[in-house]
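Coordinate analysis (summary)
Chain residues, written in single-letter form:
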Amino acid sequence: MKNVRVRFAPSPTGALHIGGVRTALYNFLLARQHGGTMILRIEDTDQNRFVPGAEEYILESLKWAGIEIDEGVGKGGPHAPYRQSERKPIYQKYAQQLIDQGKAYYAFDTEEELEAMRERLKSQHSSDQQYGSGTRMQMKNSLTLSESDVKSKIDSGEHYVIRLKVPPNEEIKLTDLIRGEVHVNSSQIDDKVLMKSDGMPTYHLANVVDDYLMKISHVIRGEEWLPSAPLHILLYKFLGWEKERPHFAHLPLLLKADGNGKLSKRDADKAGFPIFPLNWADPKTKEFSKGFRENGYLPEALLNFLAFLGWNPGTEQEIFSMKELIQVFSLDRISKHGARFDIHKAQWYNQQYLKKRSNEELTVFLYNSLKPENVICEAEKASKICEVLQERVTFPQDFWQQGKFFFIAPTSFDHQVISKKWNAETVKFLKTFVDCLNSTESTKVSEIKALLEKTSQATEIALGKIMQPLRVALTGESSGPDLMMTIEILGQKETISRITYALANFPVKI
Ligand code: GLU
């Protein structure tokens, strides 16, 4: 593929949905695979839906995720500006071109008149209730008014919009790279507004004009835009740009985990998982949503998870670095069917990627999780804790949850183990073990092992019987990381003190 130029074109209408991050990722992968260009265009022509802070949020999200922009907002480039609200004259020029060629027209209908049209058509049980080839000649527009009337209305500042004059009964065909051939009869498309009365273009005009001017080779976007694609095809034709038309690829929807319906923020809130990449405080509703980042997801894990939502490599391999994804990604392996969003899979990815992090990196996570608890930990101990917990954590903040007992002696103990396994033998074993510990200097794993075996021989109690009660005495829990390492990390004094405390708490007559 030559000159791959793709764009991510979000509207700053709120936080970036996780589906938007997937769209950006797929665009980015295609660009990188072909040595192409990834463009960020901000589609902010709908002033009513503009949300302050949303654009900054989009930029920060992409940056955090590692989706690099080559050209666009925040970066600049040969087609600047990349914010549509700053490109008004460009759209005006093309709208004018369409008017001059009789492919678009001015319309002066008020809201009330439009409503009256719909009511009239409804009462006539007309199958065609839209502003289009069947109705436009009954409305107030430059097709029905005289040229001088039109001119005087415009000159006097009357509000107007510019509508596309969609021809009736024409077959519009497009080949979507994911969905294959899509056919639509033009009579199904209404005379879409191209320019609004505030002088701003609508999404459709701005999107097509910019994709053309920015030399976009592939439009990769969510399935919700598929219904707009035939209109866009018509616009390319009317503007004389059919040859330069980009390829289209409409990505499958993200579905709830059970496959029943579209994934929504409400579902995510209900199930308690994030749907936005970063924390977001909605400036209008004041509602606060915690992001993937703040929930402890690693960007590389999230991207790997998102890559598989609607795409697969055709092999069993599930872990792909960004570099590998760039190599193997292909549009023709994207599915037509909706992709189930299973947060457990995202957690699994996070766990896998956390395991791959170096001990130094994990130590930073551990220290971060200790900070709010005001817990101090020396470097060697921190490093060892990370080593034993590495296989057990899903999120960086789990280091505290799962490793708390390294810092705070337990005060409650697993009931089941105590009632079933804490008996005279346990007490005998642990007392002897404490004596052995008292007579040693080192609590290195090898030394502990030897001491346990020595205790086992001396008391004639099998080690297998003792491991769980010993763990409970030291940690309060029935399961946890490697016990020898746990003892090594706790150290001689602390181990003795915890066992002594448990023995005092659960006395058994021997
Ligand atoms: N501005 C549209 C959105 O917010 C972009 C659609 C497109 O990529 O064409 O999703």
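What this report covers is the structure whose coordinates are included nearby. Starting afresh in each chain, residues are numbered from 1 along the sequence in its written order. Reporting of local features is limited, given that this is a predicted model, to residues whose pLDDT is at least 70; pairs of side-chain atoms are given and counted only at 80 or more, and all residues count toward the totals for whole chains, interfaces and linings. Note: side-chain values were computed over all heavy atoms of the structure, leaving out hydrogens and water.

**Some points on the nonpolar core**
We count it as follows: To qualify as a nonpolar core, a set must consist of buried Ala, Val, Leu, Ile, Met, Phe, Trp, Tyr and Cys residues joined through side-chain atoms within 4.5 Å. Only protein chains enter the accessibility calculation, which uses a 1.4 Å probe. A residue is then buried if its area is under 20% of the maximum for its type, exposed if over 50%, and partly exposed in between. Helix and strand labels come from DSSP, where a helix needs a run of H or I of at least four residues and a strand needs a run of E of at least two; each type is numbered from the N terminus. Contact criterion: two residues are considered in contact whenever any of their non-hydrogen atoms come within 4.5 Å of each other.
Counting 149 residues, the largest nonpolar core has I67 and F341 as its most contacted members. A total of ten residues in this core trace back to one element, the largest contributor, which is helix α19 (residues 483-505). Here F341 is in contact with I18, L254, L255, K256, A257, L263, F273, F292, F305 and L309, once residues within four sequence places are set aside.

**Let's talk about the environment of F288**
Within the secondary structure, F288 sits in strand β13 (residues 288-289). Using a relative accessible area of 51% as the deciding quantity, one classes F288 as exposed. Discounting chain neighbours no more than four positions away, the residues touching F288 are N279, W280 and A281.

**Overview of the site of the ligand**
Quick note on the threshold: Proximity is defined per residue: any heavy atom of the residue falling within 4 Å of a molecule or strand makes that residue near it. Within 3.5 Å is the distance limit for a polar contact, defined as a pair of N or O atoms, with the added protein rule that one can donate a hydrogen and the other accept it, and that residues adjacent in sequence qualify only through two side-chain atoms. Each accessible area is a Shrake-Rupley result for a 1.4 Å probe, and residues are judged covered by the shown protein chains and nothing else. We call Asp, Glu, Lys and Arg charged. Ala, Val, Leu, Ile, Met, Phe, Trp, Tyr, Cys and Pro are nonpolar, and the rest, Gly among them, are polar.
In the neighbourhood of the ligand, the contacting residues comprise R7, A9, P10, S11, E43, Y203, N207, R221 and W225. The contact in question runs from an oxygen atom of the ligand to an N or O atom on the side chain of R7, over 2.7 Å. A distance of 2.9 Å separates an oxygen atom of the ligand from a polar side-chain atom of Y203. Calculation on the ligand without its partners gives an accessible area of 290 Å², and the protein chains cover 84% of this total. Residue composition of the shell around the ligand, by class: four nonpolar, two polar and three charged.

**Observations concerning helix α17 (residues 445-459)**
Operational definition: To estimate how far a helix should reach, multiply one less than its number of residues by 1.5 Å. Think of the arc as the fan of directions from the helix axis to the C-beta atoms.
Between its first and last C-alpha, α17 extends 21 Å over 15 residues, near the 21 Å set by a 1.5 Å rise per residue. All of the buried residues along α17 are V445, I448, L451, L452, T455, S456 and T459. Axial view of α17: buried residues confined to an arc of 140°, hence all on one face. Exposed residues on α17 whose side chains face more than 90 degrees from its buried face are S446, Q457 and A458. Check the buried side of α17 and you find it contacts α16 (424-438), α18 (463-475) and α19. Among the residues trailing α17, E460 stands out with phi positive, at a value near 55°.

**Digging into the packing of helix α9 (residues 299-307) against helix α11 (residues 343-356)**
Note the following rule: The angle between two axes is taken between their N-to-C directions and runs from 0 to 180 degrees, where each axis is a line fitted to C-alpha atoms and a helix contributes only its stretch in contact. Should an angle lie under 35 degrees it is considered roughly parallel, over 145 roughly antiparallel, and from 65 to 115 roughly perpendicular; all remaining angles are considered oblique. Crossings are sorted by hand: turned counterclockwise from the far helix by less than a right angle, the near helix makes the crossing left-handed, and turned clockwise it makes it right-handed.
At a closest axis distance of 8 Å, the pairing of α9 and α11 adopts a crossing angle of 135°. Considering the angle they form, α9 stands oblique to α11. The chirality of how α9 crosses α11 is right-handed. Taken together, the residues of α11 that come into contact with α9 (itself represented by E300, A301, N304 and F305) are K345, A346, Y349, N350 and Y353.

**Let's talk about the pattern of salt bridges**
The condition is simple: Counted as salt bridges are all cases of a side-chain nitrogen of Lys or Arg within 4 Å of a carboxyl oxygen of Asp or Glu.
Applying the stated rule across the entire model yields 33 salt bridges. One salt bridge in this structure joins R32 and E68, with 3.6 Å as the shortest N-O distance. Pair noted here: R32 is in helix α1 (residues 18-33) and E68 is in the loop between α2 (54-65) and β3 (71-72), with a separation of 36 residues, a long-range link. Between E55 and R83 there is a salt bridge whose closest N-O contact spans 2.8 Å. Here the residue E55 occupies a position in helix α2, and R83 occupies one in the loop between β3 and α3 (88-100), the gap between them amounting to 28 residues. With a relative accessible area of 23%, R83 lands in the partly exposed category. Three or more residues are tied together by salt bridges with common partners; here these are R7, R41, E43, R87, D210 and D211.

These figures come from the coordinates and say nothing about function on their own.
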